[in-house]
Amino acid sequence: MTLLIDSILKTRAFFPEGFVYESLLVTDRFFLIANVRAISFGEEYAFQWRCPCTQKAQRSVCKLPSDLKLFKLAEGFHEPFEVKLPKCGSTVGLRLLRISDEKAIDTYRQQMMDRATEPLLGDPGYLFKMARRIATIDGAEVGLEKKLALVTDLLSVDSIKMQKEYEDNESGLSLNIEVKCRNCGQEREITLPFSAEFFRPESPDGGSETAVSAKHFE
Ligand SMILES: [Zn+2]
């Protein structure tokens, strides 16, 4: 799906001259595509989700992007933003991930999977992703090897702190959305799921529109 989003944005969005698409924040890409979709199809987005009370999937509708909470970068935000890790005592300078980082993480993850001789537990790209967020350690720029060594040895209290500070500094649309179960009546917060319907909304006559086409943008 990210490949499709990238190709739509590259051909349909106009960026300032000299702007490199891969330097876009990962969160800005979603903000852009959510807006492109709203312009093309309208804001309504239907999705399926499951409440723990029943095996049956249910369908809910939200308005995209206006139902999602938008976080803006804090006033005076700068990179790297420093986080002191409570247990190991190191201070890491963090940066937000760009599309170029995401591509590097995907490549790394694929290499790990290709090289693995037995099934891998968890996400093989996880530590690499944590390392890509680090710009400095104790104020000094360091190579990837040192960053990987630091995140590999992190105790959970430090890794939770690093994750939380990263999320607190992140901007963009929150994917957490409230839904109400039609079976038990409970309101729940879920992560908005994505399916093919994101690009092919069901039209009222029962047919389905094709993926974002040129006519919507001309
Ligand atoms: Zn329920």
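Placed above this text is the structure.
Computed from a predicted structure; not experimentally measured.

So, how was this worked out
Along every chain, residues carry numbers that run from 1 in the direction the sequence is written. Whole-chain, interface and lining totals are the exception, using all residues; otherwise, since this is a predicted model, local features are given only for residues with pLDDT of at least 70 and side-chain atom pairs are given and counted only at 80 or more. Remark: hydrogens and water are excluded; side-chain values derive from all non-hydrogen atoms of the structure. Here the aromatic set is Phe, Tyr and Trp, taking the six-membered ring for Trp, and pairing holds for ring centres within 6.5 Å; pairs whose planes are under 30 degrees apart are stacked, those over 60 apart are edge-to-face, and all others are tilted. Strands here are runs of E lasting at least two residues and helices are runs of H or I lasting at least four, both read from the DSSP assignment and numbered beginning at the N terminus. The buried label applies to any residue whose accessible area, calculated with a 1.4 Å probe on protein chains only, is under 20% of its type's maximum; exposed applies above 50%, and partly exposed to all values in between. The criterion for a charge sitting over a ring is simple: Lys NZ or Arg CZ within 6 Å of the ring centre, and within 35 degrees of the ring normal. An axis is simply a line fitted to the C-alpha atoms; with a helix, the fit covers only the stretch in contact. Between two such axes, the angle follows the N-to-C directions and lies from 0 to 180 degrees. Small angles under 35 degrees read as roughly parallel and large ones over 145 as roughly antiparallel, with 65 to 115 read as roughly perpendicular and the rest as oblique. By the convention used here, residues are in contact when the closest approach between their heavy atoms is within 4.5 Å.

(A) Geometry of the packing of aromatic side chains. Counted under the stated rule, the structure contains ten aromatic pairs. An angle of 75° between the planes, with centres 5.5 Å apart, marks the rings of phenylalanine 30 and phenylalanine 194 as edge-to-face. Taken together, the residues phenylalanine 30 in helix 2 (residues 26-41) and phenylalanine 194 in the segment after strand 10 (187-191) connect sequence positions 164 residues apart. Among the residues examined, phenylalanine 30 registers a relative accessible area of 15% and is labelled buried. Judged by relative accessible area, which is 31%, phenylalanine 194 ranks as partly exposed. Between tyrosine 45 and phenylalanine 47, the ring centres sit 5.9 Å apart and the planes meet at 25°, which makes this aromatic pair stacked. When sorted by exposure, tyrosine 45 lands in the same class as phenylalanine 47, which is buried. Joined through ring pairs, the aromatic side chains of Phe30, Tyr45, Phe47, Phe194, Phe198 and Phe199 make up one cluster. When the ring centre of phenylalanine 198 is taken as reference, the NZ or CZ atom of arginine 37 above it lies at 5.2 Å. Lying across the ring of tyrosine 166, arginine 133 places its NZ or CZ 3.7 Å from the centre.

(B) Seen up close, the packing of helix 1 (residues 2-12) against helix 2. Direction vectors running N to C along helix 1 and helix 2 enclose 70°, while the axes themselves pass 11 Å from each other. One element, helix 1, and the other, helix 2, form an angle in the roughly perpendicular class. Listed contacts from helix 2 to Thr2, Ile5, Asp6, Ile8 and Leu9 of helix 1 are Arg29, Leu32, Ile33 and Val36.

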